[in-house]
Amino acid sequence: MTIILIIFCIWGASALIHSAREKRAKENAQRIAAEQARIKREMREMKQRANEEVAARIALEREQMRQAREQEKLAKEQEKQAAQLAKHEKRLADLEERMAIADGEIEFQAQQIERLREHIEHAETERDACGYGSANYYKWDKKCMTLEKQIHTAEIKMAKAQYTKTSAAKELAA
């Protein structure tokens, strides 16, 4: 009976050890499963964060590219406006120069006409003092005709200068 009792005790102890081992194995399996689930969850979260970062970087790069295109477009527009402004300023300077030249020409031709009128008065006086048909008469008459032609040419030049000045002034006012 003692042997049965000893066998029974051994069998009971063996069952307890076996039960404890199974319990420990089950706890280890649960701990490992929980650890694997945690690792999977962390991996999913890391992957999601990485995807979000990549999406954010792509969006940032697209925005930077868009801004670069806009700045390039703006720079081209500014260059175009600067070229137009320079062209306009050159045109204004040309018109002002034409007006100044025309003013000088008008003044010069007015003086020339005045001097030529004085010369023609003198030539007509000399011509009228000579007898009609004489050599001196024709000489002074030819001189009067030359002076008249010079006056006419000076008046044409003065009219052209006045037209140039008026045209330039109208363009400047526009």
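Our structure is the block above this text.
A brief report on the enclosed structure follows. (Residues numbered from 1 in each chain as written. Predicted model: local features only at pLDDT ≥ 70, side-chain atom pairs only at ≥ 80, totals over all residues. Heavy atoms only, no water.)

**Looking at helix α2 (residues 135-173)**
Three- or four-residue spacings in an α-helix give side chains the same orientation, since the helix completes a turn every 3.6 residues.
Here is step 1: End to end, α2 covers 57 Å across 39 residues, agreeing with the expected 57 Å (1.5 Å per residue, within 8%).
Here is step 2: Those residues of α2 lying buried are Tyr 137, Trp 140, Asp 141, Cys 144, Leu 147, Ile 151, Ala 154, Met 158, Ala 161, Ser 167 and Ala 168.
Here is step 3: Tucked into the core, α2 has its buried residues touching α1 (2-129). (Helix = DSSP H or I, 4+ residues; strand = E, 2+ residues; numbered from the N terminus. Expected span 1.5 Å × (residues − 1). Buried < 20%, exposed > 50% of the residue type's maximum accessible area, 1.4 Å probe, protein only. Contact = heavy atoms within 4.5 Å.)

**Concerning α1**
Here is step 1: In this model, α1 (128 residues) spans 186 Å end to end at C-alpha, consistent with the 190 Å of a helix rising 1.5 Å per residue.
Here is step 2: What α1 keeps buried is the set Leu 95, Met 99, Ala 102, Ile 106, Gln 109, Ile 113, Leu 116, Ile 120, Ala 123 and Arg 127.
Here is step 3: Among the structural elements, α2 are those in contact with the buried residues of α1.

**Side note on the side chain of Gln 109**
Here is step 1: Examined against the element boundaries, Gln 109 turns out to sit in helix α1.
Here is step 2: Judged by its relative accessible area of 5%, Gln 109 is buried.
Here is step 3: Here Glu 105 takes part through its side chain, which lies 2.7 Å from a polar atom of the side chain of Gln 109.
Here is step 4: Ignoring sequence-local partners within four residues, the contact set of Gln 109 consists of Ala 154, Lys 157 and Met 158. (Polar contact = N/O pair within 3.5 Å; in protein donor to acceptor, adjacent residues only side chain to side chain.)

**Considerations on the packing of aromatic side chains**
Here is step 1: Under the defined criterion, the tally for this structure stands at 2 aromatic pairs.
Here is step 2: A ring pair is formed by Tyr 132 and Tyr 137, whose centres lie 4.9 Å apart and whose planes are at 70 degrees; its orientation type is edge-to-face.
Here is step 3: The exposure class assigned to Tyr 132 is exposed, which follows from its relative accessible area of 69%.
Here is step 4: You can call Tyr 137 buried: its relative accessible area is 14%. (Phe/Tyr/Trp six-rings, centres within 6.5 Å; stacked < 30°, edge-to-face > 60°.)

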